[in-house]
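A structural walkthrough
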Amino acid sequence: MEILGIDIGGSGIKGAPVNIETGELTSDRYRIPTPEPSVPEAVADVVAKITRHFEWTGPIGCTFPAVIKNGVALTAANVDNTWIGTNGQKLLREKTGCPVLLLNDADAAGFAEMKFGASQDRTGVVILLTLGTGIGSAIFVNGVLVPNTEFGHLDIRGKDAENRASDRIRKAEDLSWKEWAKRVNEYLQRMEALFWPDLFIIGGGVSKKHEKFFRYFDIKTEIVPAKTLNEAGIIGAALAAKMLL
Ligand code: BGC
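Residues numbered from 1 in each chain as written. Predicted model: local features only at pLDDT ≥ 70, side-chain atom pairs only at ≥ 80, totals over all residues. Heavy atoms only, no water.

Below, the discussion takes up the domain arrangement of the protein chain. Here the protein chain is described as being made up of domain 1 (2-107 + 232-244) and domain 2 (121-226). Put simply, the middle of domain 1 and the middle of domain 2, counted by C-alpha atoms, are 24 Å apart. Counting from both sides, the interface comprises nine residues of domain 1 and, opposite them, 15 residues of domain 2. The junction of domain 1 with domain 2 conceals about 830 Å² of combined surface from both sides, 47% of it contributed by carbon and sulfur atoms. Interface area lost by domain 1 to domain 2 is led by Asn 78, Ala 106 and Asp 107, which between them contribute 59%. At the surface where domain 1 touches domain 2, the tally comes to zero salt bridges. Across the domain 1-domain 2 interface, the total number found is two residue pairs in polar contact (both at pLDDT 80 or more). Residues belonging to the side of domain 1 that touches domain 2 are distributed by class as follows: five nonpolar, two polar and two charged. (Domains from an automatic or database assignment. Contact = heavy atoms within 4.5 Å. Buried area = accessible area lost by both parts, 1.4 Å probe. Salt bridge = Lys/Arg side-chain N within 4 Å of Asp/Glu carboxyl O. Polar contact = N/O pair within 3.5 Å; in protein donor to acceptor, adjacent residues only side chain to side chain. Nonpolar A, V, L, I, M, F, W, Y, C, P; charged D, E, K, R; others polar.)

Right, here's the structure in full:
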């Protein structure tokens, strides 16, 4: 069974049909840069274009980088503020003509990892953190997600954690791997002190380069890179949309 997974991010919107039994993409990913400003209508038009590209008429799972409750965006940290209060799920249904499920991007990545990735069949407390434009979080307790956790906004030294330790900040401040890893380490230690997890999974594009920064971490918890890497959002969104069938 195939479902179209679409991942809306701060810089790009990408999609591909996913075989939800195997977690494999059944066609090459199609990516379009996120429109500027990233207002709901413009973003929804891009999602519709991706849907047409695949000549898709079936269910769609779509991620969004914000708190999503019943299809409505309640925050907008790295996208246009006009998203707050917008029923994105309804808008995307109208624009694509398909059944759509909208969910938080890190929650989607977490689903992908729990089913096909680093935490398959893991019990206990598993925390996935995506280090990208922002920091996304997904927490699973014995395989069950606590949605919309938003731990990228934890306060560290008077700032949102994602404004100190995201991959965007590493690039913007031209930090060395070691300098950046120290900041991520402080964040991980804080998460440890609050949640005492059994496993951390690090996702986001930068997780491909984990050899460059994991070695600087000084934490108690087992830590692994995400297996589904850049595709986690697409795969997890498709998995979550299974409930539309
Ligand atoms: C948002 C989260 C999102 C994360 C990763 C944060 O700024 O508040 O909802 O999961 O970025 O995109």
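Let's pick the thread back up.
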